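Below, each chain spelled out in residue letters.
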Amino acid sequence: MWNQVLLTIFANIGTFYFGVGVAWSSPSGPKIIENDSYFFWVTKNQFGLIVAFMPLGSMISCVFAGIFRHKYGTKRTMQLFSVPAVLGSACITVPWNIYMLLLGRFLIGISIGCYMFLVQIYVGEISTKEIRASLLNFIHIFVFLGVLFSYVLGQLVSLRNLNIICGAIPLFYLIGFQAMPETVPYLLSKNKVEDAEMSMNFMYKKEAHQAEFNELLTKPDKKNQQKQSMADLLKIKSTRRATIIMAMQFTFFQMCGTNAVNFYSKTIFIESGIDIDPGNASIINVSILVISSVISVFYARQFGRRVMLITFNILSVISLCGLGLYFTLKNSGWTMIETIGWMPLACLCMNSVAFCLGMAPVTYGLLGELFTIEAKKVIAPFAQTLNHGITFLIGLSFPFFTTIIGTGNVFLIFAATIFIDIIFAYYFIPETQGKSFDEIQKALDA
């Protein structure tokens, strides 16, 4: 078991780097926009474009990561896709102009998109069924640890040193992954039985899991199975409804404001005029995210998915409305604003708890529970592409809309969107907790 845990931790360095990449803009933004770090000028809206180019790269790489994995295996693909991140880090460390910053963020996004898509597949294939569910839940912990790492490091070192240290992570991943085993299912799919036995012995005692090994060994050749296109799968009512649910849910997932805050946390706290140092306030907020994500690993499966989503979405709406109210009062020139100076940090921390205990585990849980195995192979890349696409729009548009309509109104729009998700969850999302796969499919067909 401990070998699987260690392999999971190392594999999730990729999701840790995702958190680092997302949060990089928070400590970097004020330094770059103020022209403290580079010899060329960057405006607020241009920086929004720099932020958005990372999820743009992620959106594109999700498609190609699956193709490369089928040909080269999960391990080699993860190593191959580490190279763009190393090059991207070099571009943002010593940029000649804004176009190098855009290129660097785009290359980093290509690596990150691959990591987020393949780490879960790798962990799922190297873990035994007894502990698989727990190991798969490590993803959110490592993402937010990466965010925390960026925030803390951004407070302690210069922008150039921040870029150098962050760039060392994918380089370490590229070299270190050479010692990681390839997954047994992939090796068997390529008829490499001896390599599969060696890999299995590395991860756990083969004798204890001989039945699982034999089951994988005797599965029909996937090449001889009829493959279904997305068009064919969407003809099935349950799959079609599940796809609509996931498309809507990933939209709500991004519109809860968590990624917008991760991208621009320090800038938001600077604008709020909070008494605490904005960098320290960002660290406090993301620490709440880490703690909440750890709690979700132990408690997410003990409650109904729909109940969790609705309950914590209500908490999210309250917190986002509080933020919207605070910024509206501040921008209107209310003289007593100092008396509620604690409100931005309190509301963002409340939204972080709501996200980690409701939106995050339920959304990814539904992705694993609503679809057949064949549908998951086709629709999971689509879902991740959509997710990164909306992240791109959030990162690009947040500075623009805060300038045009005000930060308070942006958070009120987030609150209104999550309120719609509460209604959507109540009427359209089936309860999956404690139900078999057949029962879930029947509920989708109803």
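One can find the structure itself at the top, above this paragraph.
Residues numbered from 1 in each chain as written. Predicted model: local features only at pLDDT ≥ 70, side-chain atom pairs only at ≥ 80, totals over all residues. Heavy atoms only, no water.

Chemist: Explain the overall build of the chain to me, using residue names and the numbers behind them.
Modeler: Along its length, the chain carries 22 helices and 0 strands. For 446 residues, the compact-globule estimate of 2.2 N^0.38 gives 22 Å, and the C-alpha radius of gyration of the chain, at 22 Å, lies within 12% of that figure. Considered along the principal axes of its C-alpha atoms, the chain spans approximately 75 × 50 × 40 Å. A sequence separation of at least 24 residues applies to 82% of the contacts in the chain between residues at least 6 apart. Accessible area of the chain: about 19300 Å², with a carbon and sulfur share of 68%. Here the chain contributes 31 positively and 24 negatively charged side chains, and the mean placements of these two sets differ by 5 Å. (Helix = DSSP H or I, 4+ residues; strand = E, 2+ residues; numbered from the N terminus. Rg over C-alpha atoms; globule rule 2.2 N^0.38 Å. Contact = heavy atoms within 4.5 Å. Areas by Shrake-Rupley, 256 points an atom, 1.4 Å probe, with all protein chains shown as cover. Lys, Arg positive; Asp, Glu negative; His and termini not counted. Charge placed at Lys NZ, Arg CZ, Asp CG, Glu CD.)

Chemist: An account of empty space enclosed by the protein is needed here, citing residue identities and associated values.
Modeler: A full pass over the atoms with the stated rule returns 6 cavities of 30 Å³ or more. Approximately 220 Å³ is the volume found for the largest cavity. Contributing to the lining of the largest cavity are 19 residues, with Phe-18, Met-116, Val-143, Phe-253 and Asn-259 lying nearest its centre. Those elements that place two or more of their residues in the lining of the largest cavity are α2 (13–23), α9 (138–156), α15 (237–254), α16 (258–272), α19 (343–369) and α20 (373–404). Looking at the lining of the largest cavity, the element that brings in the most residues is α9, giving 5 residues. Broken down by class, the residue content of the lining of the largest cavity amounts to 10 nonpolar, 9 polar and no charged. A volume near 90 Å³ is recorded for the second largest cavity. Taken together, Ile-33, Lys-44, Phe-47, Tyr-264, Thr-267, Ile-268, Glu-271, Phe-398, Pro-399, Thr-402 and Thr-407 make up the lining of the second largest cavity. (1 Å grid on protein atoms, 1.4 Å probe; cavity = no way out; pocket = protein on both sides within 12 Å on 5 of 7 lines; lining within 4 Å. Points joined across faces, edges and corners; volume = space filled by probe spheres on them. Nonpolar A, V, L, I, M, F, W, Y, C, P; charged D, E, K, R; others polar.)

Chemist: Would you mind going over the packing of α9 against helix α10 (residues 159–176) in detail, with residue names and values included?
Modeler: At a closest axis distance of 10 Å, the pairing of α9 and α10 adopts a crossing angle of 150 degrees. Taken together, the axes of α9 and α10 are roughly antiparallel relative to one another. Judged by the sense of rotation from one axis to the other, the crossing of α9 with α10 is right-handed. On α10, the residues touching Phe-149, Ser-150, Leu-153 and Gly-154 of α9 are Leu-162, Ile-165, Cys-166 and Ile-169. Across the contact of α9 with α10, the residue classes break down as 6 nonpolar, 2 polar and no charged. (Axes fitted to C-alpha atoms, helices over the stretch in contact; angles between N-to-C directions. Parallel < 35°, antiparallel > 145°, perpendicular 65-115°, else oblique. Left-handed = near helix turned anticlockwise from the far one by under 90°.)

Chemist: Before we move on, could you go through the packing of helix α1 (residues 2–11) against helix α7 (residues 98–126) and cite the residues and values that matter?
Modeler: Look at α1 against α7: their axes get within 10 Å of each other, and the N-to-C directions meet at 175 degrees. With respect to their mutual orientation, α1 and α7 come out roughly antiparallel. Taken together, the residues of α7 that come into contact with α1 (itself represented by Gln-4, Leu-7, Thr-8 and Ala-11) are Val-119, Tyr-122, Val-123 and Ile-126. Its residues placed into classes, the contact of α1 with α7 shows 6 nonpolar, 2 polar and no charged.

Chemist: Hey, could you go over the nonpolar core for me, with residue numbers and the actual values?
Modeler: Ranked by size, the top nonpolar core spans 127 residues in total, and within it Tyr-173, Phe-355, Leu-370, Phe-411 and Phe-414 carry the most contacts. Tallying contributions element by element places α7 first for this core, with 16 residues. (Core = buried A, V, L, I, M, F, W, Y, C linked by side-chain atoms within 4.5 Å. Buried < 20%, exposed > 50% of the residue type's maximum accessible area, 1.4 Å probe, protein only.)

Chemist: Which residues make up helix α4 (residues 44–72), and what values do they have?
Modeler: In this model, α4 (29 residues) spans 41 Å end to end at C-alpha, consistent with the 42 Å of a helix rising 1.5 Å per residue. Of all the bends found along α4, the most pronounced is centred on Ser-61 and spans about 35 degrees. Looking one or two residues past α4, Gly-73 carries a phi angle of roughly 95 degrees, positive in sign. (Expected span 1.5 Å × (residues − 1). Bend = angle between axes of the 7 residues up to and from the residue.)

Chemist: Can you break down the layout of surface pockets residue by residue, with the values?
Modeler: Quantified by volume, the second largest pocket comes out at close to 250 Å³. In terms of lining residues, the second largest pocket is bounded by Tyr-72, Lys-75, Arg-76, Pro-181, Glu-182, Tyr-186, Leu-187, Lys-192, Asp-195, Met-198, Ser-199 and Phe-202. Per-element accounting of the lining of the second largest pocket gives the leading share, 4 residues, to helix α12 (residues 193–203). Grouping the amino acids of the lining of the second largest pocket by side-chain chemistry returns 6 nonpolar, 1 polar and 5 charged.

Chemist: Summarise α7; cite the residues concerned and give the values.
Modeler: The end-to-end C-alpha separation of α7 is 42 Å, in line with the 42 Å expected for 29 residues at 1.5 Å each. Along α7, the largest kink reaches about 30 degrees and is centred on Leu-118. Burial within α7 is extensive, with 24 of its 29 residues counted as buried. Regarding α7, its N-cap is Asn-97, as a side-chain oxygen of that residue lies 3.0 Å from the backbone nitrogen of Tyr-99 further along. (Polar contact = N/O pair within 3.5 Å; in protein donor to acceptor, adjacent residues only side chain to side chain.)

Chemist: So what's going on with the packing of aromatic side chains? Residues and values would help.
Modeler: Using the criterion set out here, one finds 26 aromatic pairs in the structure. For the pair Tyr-122 and Phe-177, a centre-to-centre distance of 5.6 Å together with 70 degrees between the ring planes defines the contact as edge-to-face. Residue Tyr-122 is located in helix α7, and its partner Phe-177 is located in the loop between α10 and α11 (184–189); the two are separated by 55 residues in the primary sequence. Relative to Tyr-427, the ring of Tyr-426 has its centre 5.0 Å away and its plane inclined at 80 degrees; by these criteria the two rings are edge-to-face. Take Tyr-426 and Tyr-427: they sit in the same class, and that class is exposed. An aromatic cluster is present here, built from Phe-10, Tyr-17, Tyr-115, Tyr-122, Phe-172, Tyr-173 and Phe-177 joined pairwise through their rings. (Phe/Tyr/Trp six-rings, centres within 6.5 Å; stacked < 30°, edge-to-face > 60°.)

Chemist: Describe in detail a nonpolar patch on the surface, supporting the description with residues and values.
Modeler: Taken together, the side chains of Phe-400, Phe-401, Ile-404, Ile-405 and Ile-413 define a hydrophobic patch exposed on the protein surface, amounting to about 440 Å² of accessible area. At 3 residues, α20 tops the list of elements feeding residues into the nonpolar patch. Classification of Phe-401 as partly exposed rests on a relative accessible area of 39%. (Patch = residues over 30% accessible without salt bridge, like charges linked within 9 Å, V, L, I, M, F, W, Y side chains within 5 Å. Salt bridge = Lys/Arg side-chain N within 4 Å of Asp/Glu carboxyl O.)

Chemist: Describe the environment of Ser-397, naming the residues involved and giving the relevant values.
Modeler: With respect to the helices and strands, the residue Ser-397 is situated in helix α20. Relative accessible area serves as the criterion here: at 22%, Ser-397 is assigned to the partly exposed category. On a C-alpha basis, the gap between Ser-397 and Gly-48 in space is 7.0 Å, while along the polypeptide they are 349 residues apart. Of note is the side chain of Ser-397, whose polar atom sits 2.6 Å from the backbone oxygen of Leu-393.

Taken by themselves, the reported measurements are silent on function.
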